[in-house]
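Working through the structure, step by step
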Amino acid sequence: MCNLDTLSEIGRFWKLWLGASDFNAKQTRRFKERFQDGIKRIRKPLEDSRVITTIRSAGPLAPVATHAISEQFKRFWATGVTDDGLRNMKPANRVNPTFAFSTPSGDEFSLHYCTDPISGFHLAESLASSGLEIDDEAPSAVFEIVRTARQQFSTWCKAVVHRVRTPSASSASFVVRMYAGEALAFCRALHFVNNPSGFAIHMPLFSEPWKGTVVQLDNTSYSPGAPSPAPTSFDVIETSNLVDHVRLQNLLIVTNPLLRHSHSSTLYTEVLLSVADSPAEGILEHVCGDLSTISLLPGLVPSSYVSRFTTRSDISQVLLLAITGPFAIRYQERLAWKPIGFGHGINDLQQTLSFSPNQLAGTLFDIYLRMFSDEDLGKRMAATFLDEPHALCKLSSLSTIHYTRRSFALLLAHIRTRVHCDWDRVMDNLHTLVLQDRTLISGSDFYQEMVTQLYLAGFRPSWLSPVAAQELRLEENPSMFRQWSAVPEVVTVVLVVPRHAITKVQSDLSEAGTPYLQCETWADFGHNVFACISISFGKLEVSHQGENKVAAIVEDRTGIKGTSPLIVSFPILSTCLMMVTGGTVGLAIRSTFKTGPLSRKLEPGMCLFKTLLTDERFIHILSRAPTAGNDTTDEAHPLVPPALSDETDPGRPIHVEMDMSNRLVKTLTAHVDIVNPAEQAALTGRRAITVEQLSLNKAKLHVGEYQRTVPFPLPVDITNAKLRVARKSKYIEVVAPMALTLDSKQDRNITGSFRMTFDSGVPTLWGMPRVNLDRCPSFKLSNGRKAFNWFSGSVTHMFSERERMSYAQWRFLGRIPDTFTDLKESLRTLLSMAIGLGGETRAKFVLCDHSKGDTAYAIILITGVRLDLVSHAVVADSWIIPTSDDINNELLKDVPSLVRIRTNGHESEAWRHLLPFFIERCRTWKHRPNCEYLVHNSIPLYPNAGSDPNKVPWCSCGMGVGTEALQGPYGSVEAKYATRAAISPLFVVPYLEYAGTMEPTDVPPLGSALARFAAHGGVPLSRCARCKTNKYRSSTRLCFIFSVVLAIFLARIL
């Protein structure tokens, strides 16, 4: 347990669950009735609906599983059990207390309306070889997916038991640590443990909303001298769909500091993005700014944004959108955030940045407007002009508020750790922009809260000082501070709200969903709003006077069901409080789209309760925030800001130049000081100075015969870079345009998308997760005439709409498609033949460069096609063999009937970079100390060598390892030179480009455009009419071309 509160909370629930067994007859009957009423209440709105959200768990088999999943959902909610068809399963007749005791009410049924126990399992495994038709209504399908879920659960449990019982010396101990509480506060507590000197908790970290207990981690695991300390920094942080509930910037602020400084460190997020007019619109709304800018400032970037591809298929998501039709409003996107500066040294992973103060202020102001877009009246009005489903979704989204001014202040504090700048000028400029803003209709109401939170985050405006507070105190002589010897810059206001103020609207509050509470102050014509408040039910115990006055909260565990008053507290500038001494303070409900009906029952302003600021029955002014009884620190939580330093690392920061709007990054400038005497001589001696692209985010600078590597945090365009040469001052600046953009374009050179670097001497992948091929289930496509050909749709889903049109233009107009389209078509052909679509299975391929006389540069042998369950895709279990001169003749003699996959020069170079990727992602062996990668300090080997067969791009460490599967069908020669690889499709990134659409009229009754990827008849391999050499599956190719031509035709007439 991470703390005692977690143990106590778990114990409380265990007691509640066990206590249900001791109910008398009357209690049991009442408990069961309330439980059944709760089930009916949740089930009734869904009786006429077809709930199929679980089809995401079926991955590429989603079209087959649609009916089975819908039927399983209905059966579960009707009977309370899952049925695998192997026994006579009867409906549940006992109340499960774990479904009841999870709310403050104590004994009411509480379960999400879309709960389905099979949603957490990989359902594709049971359906891949089933031969079912699309949306098959066979009863056996329901039983099959249930059996698969149970089998997987059993396998997982056995694996965990085996891992715990048989630990090995080479493996780390298996520890599961539990924490019950609010996720963001927990992350901040871990950060404080990890770096107490560089991080200050300027407000109490309450364990969860509506409670006054603070986070106190267990000293035996989290104290500096702990014998077996718990980890406080991590290689991987999985956040599930937490972003939907707390929003991205809040999550990045607290999780980024917990990631280890490593190239492999990854933060995973899952989010429901808005379906908009363009793919990028949803991600821009999600990140609150341009994606490149937002990635630079905190230092994390989505890996797929850089690589421009993903190995994760979203075909089930596309199906959901097609079925939903006009009501499709959101789609799920899983992002892997990685530290910028990939490929640099560990010390350069977090390169500092520099901005001009005016531009940085403008950039931060743009983020400010986007974070608080719910206050933008223009966006609310624009939403009303949308069609009804999207208008309701947009208005509902604007009514869901997750950012407060504290969020913005903490974001700026985090950015300050990475950006070298004149922050006093930045804050002065930002202060002016906020005061002059007329976009946010309530922006001025939150001004005092924003200044308060910025001060607590370490930003001290010039006009706010202890001297200023004392001078204003002498001038105003406020009664609330007359017993104080010294008044700090920030104090805490505690408001005690009588229970009757809540009771009169309690039922209406429940019907309003999740209303947002805020404190407000009024004085003359001044109105201030404070949304960052702490709330709990209980009794407030106050002691002492003046600045020594303290308060503790005795919590009422019954919460909203009890009788205790509501204790509300919030920080405020003491100068602000002095200026509203004669005013009032109150608790109000924030006006949103969902709280409109409440306005008719409350006084204007949606105020629940207000009182004079001087009324000591309900108002208390403290120098520190009140907490519950578990806070044992002597000083509690005085509201003082952390001491932030402007010091940066000794290296020169990368200067960021923004465009005119201050939203988009225009250029990145790297400053290189020439300190070596020989280089200085070359510089002052007028030797040639040039720069070339080394990788996506690296440049090679040449000063005469001397050269050095210049790192950049994100990809840049060195071919259009400018050099600033100061020969007397002995420095050079490389000014490079930003290469990352949300706009997709046709590229011939895509080698930078396949990035690999060393992390502690071990190759580390970017943008492609590792896969254990031996754990991936194999399958065989059904030969049934009515069986749905899900495989063809899965691999064809690689192409975006743009790439489909590009391919059609090549076939009919002779235009050369971009390299990604070529590469994807080669992968589609390879995978389709390997599975035997429409005819004979072909598993032996050779990559040839037709621009160099069909030079063969790699042989690919496929021993099986498997399901990559995690990525919802397929993967070919492959073996790669080089074709260098020393083994070429021997191999070609022993491996007959090779199917040629002909590539041009650009695609050949792409394969040179991609094959080591495919090998490394499934590696189970260790690289040798004399590995060619380490010797040459390059992955791949010999970049830019294209299809040269004698310059093998992958190392020899894995050759002949685990090749028993090749011995029988091929022989010992092939096994000797083969290296295992996991070849998978490369899918389009949904927020960059539209993938293939699905039309709801194609498949009854709900529909799916997967029908156009349906089964193809069995035909022999055809020979290409243009090159007369390349072989392909003609029906597959023709069906694909037909769908592309049809898409172009529809695009022209619509």
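Everything numeric in this text was worked out from a predicted model, so none of it was measured.

1. A few points about the nonpolar core
Counting residues in hydrophobic clusters, the biggest one holds 150 residues, and the most contacted among them are Trp 423, Leu 577, Leu 587, Phe 712 and Tyr 991. What Leu 587 contacts, discounting residues up to four positions off in sequence, is Leu 495, Val 497, Leu 517, Gln 518, Cys 519, Ile 533, Leu 566, Val 568, Cys 607, Leu 608 and Phe 609.

2. Considering a nonpolar patch on the surface
Where nonpolar side chains cluster on the molecular surface, the patch consists of Met 1, Leu 4, Leu 7, Val 160, Val 164, Phe 174, Val 176 and Met 178 and spans about 760 Å² of accessible area. Those elements that provide at least two residues to the nonpolar patch are α1 (4–19) and α5 (139–165). Checked against the element boundaries, Val 164 lands in helix α5.

3. Re the environment of Thr 841
Looking at the secondary structure, you find Thr 841 in the loop between α27 (819–835) and β26 (844–849). Taking relative accessible area as the criterion, Thr 841 reaches 45% and is therefore assigned partly exposed. Discounting chain neighbours no more than four positions away, the residues touching Thr 841 are Met 833, Ala 834, Ile 835 and Gly 836.

4. Notes on the packing of aromatic side chains
This structure, assessed with the given rule, holds 26 aromatic pairs. Measuring from centroid to centroid gives 5.2 Å for Phe 609 and Phe 618, while their planes differ by 70°, and the two rings are edge-to-face. Residue Phe 618 is classed as buried on the basis of its relative accessible area of 19%. Taking 6.2 Å as the distance between ring centres and 65° as the angle between the ring planes, the aromatic pair formed by Phe 754 and Phe 820 counts as edge-to-face. In this pair, Phe 754 sits in the loop between β23 (731–737) and β24 (756–759) while Phe 820 sits in helix α27, placing the two residues 66 residues apart along the sequence. Among the residues examined, Phe 754 registers a relative accessible area of 4% and is labelled buried. The structure contains a cluster of three or more aromatic residues connected by ring pairs, namely Phe 35, Phe 73, Phe 76, Trp 77 and Phe 109. The ring of Trp 766 has Arg 755 sitting right over it, with the charged end atom 4.7 Å from the ring centre.

5. Examining α1
Between its first and last C-alpha atoms α1 spans 22 Å; for 16 residues at 1.5 Å apiece the expected length is 22 Å, and the two agree. Within α1 the residues assigned to the buried category are Thr 6, Glu 9, Gly 11 and Phe 13.

6. Here's the deal with the pairing of strand β19 (residues 689–695)
On any regular strand, side chains alternate: one points to one face of the sheet, the next to the other face. Note: β19 against strand β20 (residues 698–703), 6 bridges, orientation antiparallel. Bridge pairing links Thr 690 to His 702 in β20. Counted between consecutive antiparallel strands, the loop separating β19 from β20 contains 2 residues.

7. Thoughts on the sheet that holds strand β5 (residues 353–354)
Across the sheet, 6 strands lie side by side as β6-β5-β17-β18-β23-β22; this open sheet has mixed pairing. Lying at the two open borders of the sheet, with one neighbouring strand each, are β6 (419–420) and β22 (722–726). Note: β22 against β23, 5 bridges, orientation antiparallel. Paired with Ala 726 across the strands is Tyr 731, a residue of β23.

Reading the values: the criteria
Residues numbered from 1 in each chain as written. Predicted model: local features only at pLDDT ≥ 70, side-chain atom pairs only at ≥ 80, totals over all residues. Heavy atoms only, no water. Core = buried A, V, L, I, M, F, W, Y, C linked by side-chain atoms within 4.5 Å. Buried < 20%, exposed > 50% of the residue type's maximum accessible area, 1.4 Å probe, protein only. Contact = heavy atoms within 4.5 Å. Patch = residues over 30% accessible without salt bridge, like charges linked within 9 Å, V, L, I, M, F, W, Y side chains within 5 Å. Areas by Shrake-Rupley, 256 points an atom, 1.4 Å probe, with all protein chains shown as cover. Salt bridge = Lys/Arg side-chain N within 4 Å of Asp/Glu carboxyl O. Helix = DSSP H or I, 4+ residues; strand = E, 2+ residues; numbered from the N terminus. Phe/Tyr/Trp six-rings, centres within 6.5 Å; stacked < 30°, edge-to-face > 60°. Lys NZ or Arg CZ within 6 Å of the ring centre and 35° of its normal. Expected span 1.5 Å × (residues − 1). Pairing = 2+ DSSP bridges.

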